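Here are the chains, one letter per residue:
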Protein chains: 2
Amino acid sequence: MERRKAIKLAAGAVAAGGAGAITLTSAFKPKIQPADKPQNLACKEEGSNWAYARLDPEETKKRAYNDYSKGSCMFGVFNSIVSQLAEKIGEPFSSFPTQMMKYGHGGIGGYGTVCGALNGAAALTGLLIKEKEVQNALIADLFLWYEKKPFPQFKPTKPILDFTPPVSVAGSVLCHASTTNWGKSAGYTIKSKERKERCRRLTADVAAQTVDMLNRYFENNFVSHAQDNETARTCMTCHGSEGKLGNTSGGMDCSPCHEESLGHKLFSGAHYKIMDKR
Amino acid sequence: MERRKAIKLAAGAVAAGGAGAITLTSAFKPKIQPADKPQNLACKEEGSNWAYARLDPEETKKRAYNDYSKGSCMFGVFNSIVSQLAEKIGEPFSSFPTQMMKYGHGGIGGYGTVCGALNGAAALTGLLIKEKEVQNALIADLFLWYEKKPFPQFKPTKPILDFTPPVSVAGSVLCHASTTNWGKSAGYTIKSKERKERCRRLTADVAAQTVDMLNRYFENNFVSHAQDNETARTCMTCHGSEGKLGNTSGGMDCSPCHEESLGHKLFSGAHYKIMDKR
């Protein structure tokens, strides 16, 4: 119960717009046990059939980068990690139909919603971790990191396209916003081979960050690096599930879509006056 | 090649903001073959290990509605369908770790991005259908339907909460927008049991629509009912991958986020004048 409570604190902070730094101290260690094949140094959560073995972020980057070419971003993140677990642990990873994750490309079937690299990482937490509160905390940590990190960082030794994409802050976990913001900053169109190379390298970055996060979690050393999102926290004070209006929930940065809306124009006093009249 | 071309036409139409009505005529029938267990009347795509058997939308609604209580929206859609295929076909469906799909709740770990019911349906197309263009067309069909359909429609005979939620048009495939719009229209907060019942019934609606779509596809009778999204088409004429600016892609309705932005304020002439000066 103590651990559950601690994780809930983290999730609650995210719902209010920022997670802050959360350490799972020894009192809140996850209930992890050795997997069936301890020679692989694998461990898994109590009651789970899916084990985890420490993975190398650098190897993961290379795989994700190359897997992108076989099935885009969601497949790149998911397969780069599951393929390594299949080599280290075997079943049930060997039989997992990773090709199904190709559906996440371009924000799900090209529809422009959530970045597929993030959808793939989140699906992995669903596979490897049982408790909802823990999944939520890891997902929030990764998604907040993604919103603020200048991408892409990965520099392959054998590039598929010999082009070093300029870095930019995505500012959003949505595919169409993330790619458009990069294109605007770097000066390339959405269908350019340069934009594709940017997403290929970003896929490597997200896969490595996911592995780093999982390594830390399964070694009882998880510290959330999620940065406090001040904009979202301001909004959620009123709009969040515990706020006066209580009409929305989530952790997405609000500002890319809502800061310039008529109701919230540059957070002028007018908005709050309207609210006060309700 | 002919079929591929036909599906591409559909995908192209969606990229430009609307799919229109697409019929897979006899010339463009999917390459479907009997599965290993023909007694189940199952069929699968050429080269796939995952078969499909015709499912009953009404039975699917009941299962999805009840599964929502075990793992929320993404799990509800995914498990309601895979559990039936496991009963009709057996492996590999029986061994699929459907519990992993719980990660999609609340727009992925509660983060507010894509509606989990849609993420679950899209994941199923990834599992059952091989060709990217076909997946894209089915996903676009479902997502456009979701944006415009008044939800929820399902009326359970044994309701978990004895409350008939008012219907509203989500207007967006994003969880936080869909739920907030419903709450605004119906007068309930995000954390209310009534909002949860709305999402439980919406999960049933999406699962049934997915089954109906898959039934039609595997019986070579798929007609896209995606409505032409005029707003998105207008935007994509310039912004889409084939447009003058070519700086974004996707099929999401643009208006919930961008119609009121400073640059596009109510689509006044000012926006186009700015564009013309570039």
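Residues numbered from 1 in each chain as written. Chains lettered and ligands numbered in written order. Predicted model: local features only at pLDDT ≥ 70, side-chain atom pairs only at ≥ 80, totals over all residues. Heavy atoms only, no water.

J.: Just checking my understanding: could you explain the overall build of chain A for this structure?
T.: Looking only at helices and strands, chain A features nine helices and five strands. Counting from the amino terminus, chain A carries its helices and strands in the arrangement α-β-β-β-α-α-α-β-β-α-α-α-α-α. Residue burial in chain A is summarised as follows: out of 278 residues, 59% are buried. In chain A, once contacts between residues fewer than 6 apart in sequence are set aside, the share between residues at least 24 apart is 66%. (Helix = DSSP H or I, 4+ residues; strand = E, 2+ residues; numbered from the N terminus. Buried < 20%, exposed > 50% of the residue type's maximum accessible area, 1.4 Å probe, protein only. Contact = heavy atoms within 4.5 Å.)

J.: It is not clear to me how the side chain of B:S80 should be interpreted in this structure. Could you clarify?
T.: Mapped onto the elements of the fold, B:S80 is located in helix 2 (residues 57-88). Among residues more than four places away in sequence, those in contact with B:S80 are B:T60, B:R63, B:A64, B:D67, B:F75 and B:A207.

J.: What is the right way to look at the packing of helix 3 (residues 116-128) of chain B against helix 6 (residues 193-218) of chain B in this model?
T.: Residue and element names in this part refer to chain B. Orientation of helix 3 relative to helix 6, taken along the N-to-C sense of each, is 25°, at an axis distance of 9 Å. With respect to each other, helix 3 and helix 6 are oriented roughly parallel. Here the hand of the crossing between helix 3 and helix 6 comes out right-handed. Of the residues in helix 6, those in contact with A117, L118, A121, L124 and L128 of helix 3 are L202, T203, V206, T210, L214 and F218. Tallied by class, the residues present in the contact of helix 3 with helix 6 amount to nine nonpolar, two polar and no charged. (Axes fitted to C-alpha atoms, helices over the stretch in contact; angles between N-to-C directions. Parallel < 35°, antiparallel > 145°, perpendicular 65-115°, else oblique. Left-handed = near helix turned anticlockwise from the far one by under 90°. Nonpolar A, V, L, I, M, F, W, Y, C, P; charged D, E, K, R; others polar.)

J.: Even after reading the chapter, I still don't get the interface of chain A and chain B, so can you show me in this structure?
T.: Interfaces are frequently sized by the accessible area removed from exposure as the parts join. Contacts between the two partners involve 55 residues from chain A, matched on the other side by 54 residues from chain B. For the pair chain A and chain B, the summed buried area comes to about 4,500 Å², and 64% of that belongs to carbon and sulfur atoms. A per-residue breakdown of the area chain A buries against chain B is headed by A:M100, A:Y103 and A:Y111, which together make up 17% of the total. Run the count over chain A and chain B and you get two salt bridges. Across the pair B:E242 and A:K191 runs a salt bridge, and its minimum N-O distance is 3.1 Å. At the boundary of chain A with chain B, the tally comes to 19 residue pairs in polar contact (both at pLDDT 80 or more). Elements that contribute at least two residues to the side of chain A that touches chain B include exactly helix 2 (57-88), helix 3 (116-128), helix 4 (132-148), helix 5 (175-186) and helix 8 (255-258) of chain A. For the side of chain A that touches chain B, the leading source of residues is helix 4 of chain A, giving eight residues. (Buried area = accessible area lost by both parts, 1.4 Å probe. Salt bridge = Lys/Arg side-chain N within 4 Å of Asp/Glu carboxyl O. Polar contact = N/O pair within 3.5 Å; in protein donor to acceptor, adjacent residues only side chain to side chain.)

J.: How should the relation of the copies chain A and chain B be read in this particular structure?
T.: Between the two copies of this chain, the relationship is a rotation about some axis together with a displacement along it. The operation relating chain A to chain B is a screw motion whose rotation component is 180°, with 0.0 Å of axial translation and a residual RMSD of 0.0 Å. One copy is carried onto the other by what is essentially a two-fold rotation axis. When the interface residues of chain A are mapped onto chain B, 98% of them again lie at the interface, so the same face is used by both copies. (Least-squares fit on C-alpha atoms with pLDDT ≥ 70 in both.)

J.: Teacher, can you tell me more about the state of the cysteines here?
T.: Here is the idea: a disulfide is a covalent bond, and it sits between the sulfur atoms of two cysteines. Residues and elements named next belong to chain A. In total, this model carries zero disulfides over all chains according to the counting rule given. Looking at the unpaired C254, the closest cysteine sulfur is the one in C235, lying at 3.7 Å. The exposure class of C254 is buried, given its relative accessible area of 13%. (Disulfide = S-S within 2.5 Å.)

J.: What should I look at first to understand the pairing of strand 2 (residues 42-45) of chain A in this one?
T.: Strand residues, when the strand is regular, have side chains that alternate between the two faces of the sheet. Residue and element names in this part refer to chain A. Because side chains alternate across strand 2, one face comprises the buried residues A42 and K44, and the other comprises C43 and E45, equally buried. In this structure, strand 2 lies alongside strand 3 (residues 52-53), joined through two bridges in antiparallel fashion. Note that in strand 3 the partner of A42 across the bridge is A53. Linking strand 2 to strand 3, which pair antiparallel, is a turn of six residues; within it G47 sits at a positive phi near 85°. (Pairing = 2+ DSSP bridges.)

J.: Is there a simple way to think about the side chain of B:S72 in this case?
T.: All names here are of chain B. Mapped onto the elements of the fold, S72 is located in helix 2. The buried category is assigned to S72, whose relative accessible area is 13%. With residues near it in sequence (within four places) discarded, S72 still touches D67 and H105.

J.: Looking at this structure, I do not really get the confidence of the model for chain A. What am I missing?
T.: As a general rule, the predicted coordinates of low-pLDDT regions are not to be interpreted in detail. All names here are of chain A. Averaged over chain A, the pLDDT score is 82; the fraction of residues at 70 or greater is 76%. Note that pLDDT drops below 50 for residues 1-28; the model gives that stretch 54 contacts with residues more than four away or on any other chain. When the criterion is pLDDT under 50, residues 266-278 qualifies, and its contacts beyond four places in sequence or with other chains add up to 12 contacts. For this predicted complex, the interface confidence score (ipTM) comes to 0.86, while the overall pTM stands at 0.86. (pLDDT = per-residue confidence, 0-100.)

J.: I would appreciate a short explanation of the environment of B:T157 in the present structure.
T.: Residues and elements named next belong to chain B. Residue placement: T157 occurs in the loop between strand 4 (150-151) and strand 5 (168-169). On the basis of relative accessibility, which here comes to 77%, the residue T157 falls in the exposed class. T157 sits 79 residues away from M236 along the chain, and the two C-alpha atoms are 44 Å apart.

J.: What is the right way to look at the pattern of salt bridges in this model?
T.: Between side chains of opposite charge, a pair can form when the charged atoms approach closely. Residues and elements named next belong to chain A. Scanning the model with the defined rule gives 20 salt bridges over all chains in all. With a shortest N-O distance of 2.6 Å, E219 and R54 are connected by a salt bridge. Residue E219 is located in the loop between helix 6 (193-218) and helix 7 (230-239), and its partner R54 is located in the loop between strand 3 and helix 2; the two are separated by 165 residues in the primary sequence. Assessed through its relative accessible area of 41%, E219 is described here as partly exposed.

J.: Would you take a moment to explain the packing of aromatic side chains for this structure?
T.: How two aromatic rings sit relative to each other is set out by the distance from centre to centre and by the angle between their planes. One pass over the structure, following the stated rule, counts 23 aromatic pairs over all chains. Relative to A:Y188, the ring of A:F163 has its centre 5.3 Å away and its plane inclined at 75°; by these criteria the two rings are edge-to-face. Residue A:F163 is found in the loop between strand 4 (150-151) and strand 5 (168-169), and its partner A:Y188 is found in the loop between helix 5 and helix 6; the two are separated by 25 residues along the sequence. With centroids separated by 5.2 Å and ring planes inclined at 80°, the aromatic side chains of B:W145 and B:F151 adopt a geometry described as edge-to-face. Taken together, the ring pairs in this structure connect A:W50, A:F78, A:F93, A:F96, B:W50, B:F78, B:F93 and B:F96 into an aromatic cluster. We note A:K102 situated over the ring of A:F75; from NZ or CZ to the ring centre the distance is 5.3 Å. (Phe/Tyr/Trp six-rings, centres within 6.5 Å; stacked < 30°, edge-to-face > 60°. Lys NZ or Arg CZ within 6 Å of the ring centre and 35° of its normal.)

J.: What is the right way to look at helix 6 of chain A in this model?
T.: An α-helical turn contains 3.6 residues, so any two residues separated by three or four positions project in the same direction. All names here are of chain A. Between its terminal C-alpha atoms helix 6 stretches 38 Å, which fits the 38 Å expected from 26 residues at 1.5 Å a residue. For helix 6, the tally of buried residues reaches 23 of 26 residues, placing the bulk of the element in the interior. With its phi angle positive at about 55°, N220 sits one or two positions after the end of helix 6. (Expected span 1.5 Å × (residues − 1).)

J.: Quick question: what am I supposed to make of the packing of helix 2 of chain B against helix 6 of chain B here?
T.: Each pair of packed helices can be described by the angle between their axes along with the distance between the axes. Residue and element names in this part refer to chain B. For the pair helix 2 and helix 6, interaxial distance at closest approach is 7 Å and the crossing angle is 125°. Here helix 2 is positioned oblique relative to helix 6, judged by the angle of their axes. For helix 2 against helix 6, the interelement crossing comes out right-handed.

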